[in-house]
Amino acid sequence: MDRIDKPIVLPASRRDWDPTKTKAPVDFVRNVQGSSAGAGSGEFHVYRSLRRKEYARLQGMEIKDRKEREAKEYEERMTAARLAEEEKTAKRREKRKRRNKGGNKGDKKKKTEDGEGGGGEKGGEDGGESEDGSDGKE
């Protein structure tokens, strides 16, 4: 604590560890046991570390395969959804074209000729009274 201006170096956390980036297994065996019977006191620790590295490598391969499979499935789902959406859009576009092509002008003339000018309210604009003079209340 004497030098407060000196930066502190913190090791990387285990959360950042990526099992897909482990080293490949070596092609040669370093720890060959001799012809003497039995293993020494340090052999178990060597075996355990080699086993841990191999399991980490296999786990990394499984994670990598799972990520690739999930990415492929996601792309397939997105492609299918995109195609379905394009089909719906094309159908709606054709429907709009057919609707806008011919019928609008005649519909407007019919409504104005029939005398239904607009408003759309029940009873008209005369304060809620019907044609026979009653207000609909009893």
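Above this text you will find the structure in question.
Residues numbered from 1 in each chain as written. Predicted model: local features only at pLDDT ≥ 70, side-chain atom pairs only at ≥ 80, totals over all residues. Heavy atoms only, no water.

Caption draft 1: Quick look at the overall build of the chain. The helix and strand inventory of the chain stands at 2 helices and 0 strands. Out of the 138 residues belonging to the chain, those deemed buried represent 3%. Carbon and sulfur atoms provide 50% of the accessible area of the chain, an area that totals close to 14,000 Å². (Helix = DSSP H or I, 4+ residues; strand = E, 2+ residues; numbered from the N terminus. Buried < 20%, exposed > 50% of the residue type's maximum accessible area, 1.4 Å probe, protein only. Areas by Shrake-Rupley, 256 points an atom, 1.4 Å probe, with all protein chains shown as cover.)

Caption draft 2: Here's a closer look at the pattern of salt bridges. The tally for this structure, following the rule as stated, stands at 2 salt bridges. The partner of R66 in a salt bridge is E70, with the nearest N and O atoms 3.9 Å apart. Of the two residues, R66 and E70 are both situated in helix 1 (residues 43–102); the distance of 4 residues between them amounts to about one turn of the helix. Overall, E70 belongs to the partly exposed group, its relative accessible area being 43%. (Salt bridge = Lys/Arg side-chain N within 4 Å of Asp/Glu carboxyl O.)

Caption draft 3: Main features of a nonpolar patch on the surface. Taken together, the side chains of Y55, L58 and M61 define a hydrophobic patch exposed on the protein surface, amounting to about 290 Å² of accessible area. With respect to the helices and strands, the residue L58 is situated in helix 1. (Patch = residues over 30% accessible without salt bridge, like charges linked within 9 Å, V, L, I, M, F, W, Y side chains within 5 Å.)

Caption draft 4: View of helix 1. Here helix 1 contains 60 residues, and its C-alpha end-to-end distance of 89 Å stays within 8% of the 88 Å for a straight helix at 1.5 Å per residue. Residues of helix 1 that are buried include every one of A56, G60 and I63, and no others. (Expected span 1.5 Å × (residues − 1).)

Caption draft 5: Summary view of the packing of aromatic side chains. With the rule as written, the count across this model stands at 1 aromatic pair. Both rings, one in F44 and one in Y47, keep their centres 6.4 Å apart while their planes meet at 45°; by these two values the pair is tilted. Residue F44 and its partner Y47 are both found in helix 1; the two are separated by 3 residues, about one turn of the helix. (Phe/Tyr/Trp six-rings, centres within 6.5 Å; stacked < 30°, edge-to-face > 60°.)

Caption draft 6: A look at a positive patch on the surface. A cluster of basic side chains, namely K88, R92, R93, K95, R96, K97, R98, R99 and K101, defines a positive patch on the protein surface. As for its position among the elements, K97 is in helix 1. Judged by its relative accessible area of 49%, K97 falls in the partly exposed class. (Lys, Arg positive; Asp, Glu negative; His and termini not counted. Charge placed at Lys NZ, Arg CZ, Asp CG, Glu CD.)

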